[in-house]
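Okay, here's what each chain looks like letter by letter:
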Amino acid sequence: QVQLVESGGGLVQAGGSLRLSCVASGSIFSLNTMAWYRQAPGKQREFVAGITRDGSEAMEDSMKGRFTIARDNFVNTVYLQMNSLKPEDTAVYYCNGGTTRAPRVLGAYWGQGTQVTVSS
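Now for a description of the structure that goes with this document.

About the cut-offs
- Residues numbered from 1 in each chain as written.
- Predicted model: local features only at pLDDT ≥ 70, side-chain atom pairs only at ≥ 80, totals over all residues.
- Heavy atoms only, no water.
- Helix = DSSP H or I, 4+ residues; strand = E, 2+ residues; numbered from the N terminus.
- Rg over C-alpha atoms; globule rule 2.2 N^0.38 Å.
- Buried < 20%, exposed > 50% of the residue type's maximum accessible area, 1.4 Å probe, protein only.
- Contact = heavy atoms within 4.5 Å.
- Areas by Shrake-Rupley, 256 points an atom, 1.4 Å probe, with all protein chains shown as cover.
- Core = buried A, V, L, I, M, F, W, Y, C linked by side-chain atoms within 4.5 Å.

Observations regarding the overall build of the protein
Part 1 of the reasoning: Within the protein one finds zero helices and 11 strands.
Part 2 of the reasoning: From first element to last, N terminus to C terminus, the protein shows the α and β order β-β-β-β-β-β-β-β-β-β-β.
Part 3 of the reasoning: Since a compact globule built from 120 residues should have a radius of gyration of about 14 Å, the 13 Å found for the protein is in line with a globular shape.
Part 4 of the reasoning: Summarising its shape, the C-alpha atoms of the protein cover approximately 40 × 25 × 25 Å along the three principal directions.
Part 5 of the reasoning: Burial status across the protein gives 45% buried among its 120 residues.
Part 6 of the reasoning: Counted over contacts in the protein with a minimum sequence separation of 6, partners at least 24 positions apart contribute 57%.
Part 7 of the reasoning: Of the roughly 6,200 Å² of accessible surface on the protein, a fraction of 49% belongs to carbon and sulfur atoms.

In structure tokens:
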């Protein structure tokens, strides 16, 4: 069993910043990839960023330069630093993890999600 718990969401004005965290617990030794997805109201889930245990990263092109993903293997946590936030970034952000070998490949485990709301 693997459990993923997100935190750090909230309400922020456009141009502001938020830092999301996802902490993994349970049978975590095979969690090679940890990633972030988001889903806005009325839209499909989309990939945001992912990172493997050895540091290989993937980032959606539209978010490069504003978002940064980082991972601390010692504390089994992945972070998403979001800067220059825009109203269109408003979504529920989900942590995803699994045994996948590439940072953009969907893993089997999901967190409960954390709401990010960006006001204009």
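Focus on the nonpolar core
Part 1 of the reasoning: One finds Trp36, Phe67, Leu80, Met82 and Tyr93 to be the most contacted residues of the largest nonpolar core, which totals 28 residues.
Part 2 of the reasoning: Elements represented by at least two residues in this core include exactly β1 (2-7), β3 (18-26), β4 (33-39), β5 (46-52), β7 (67-72), β8 (77-82), β9 (91-98) and β11 (114-119).
Part 3 of the reasoning: Looking at this core, the element that brings in the most residues is β3, giving four residues.
Part 4 of the reasoning: Leave out the neighbours within four places in its chain, and Leu80 touches Leu18, Arg19, Leu20, Trp36, Val48, Ala49, Phe67, Thr68, Ile69 and Tyr93.

A word on the side chain of Thr52
Part 1 of the reasoning: You can see Thr52 is positioned in strand β5.
Part 2 of the reasoning: Dropping the residues within four chain positions of it, Thr52 is found in contact with Asn32, Thr33, Arg71, Arg101, Ala102 and Pro103.

Description of the environment of Asp89
Part 1 of the reasoning: Along the chain, Asp89 falls in the loop between β8 and β9.
Part 2 of the reasoning: Along the chain, Asp89 and Gly15 lie 74 residues apart, while their C-alpha atoms are 11 Å from each other.
Part 3 of the reasoning: When residues no more than four places from it in sequence are discounted, the contact partners of Asp89 are Arg38, Arg66, Phe67, Ser84, Val116 and Val118.

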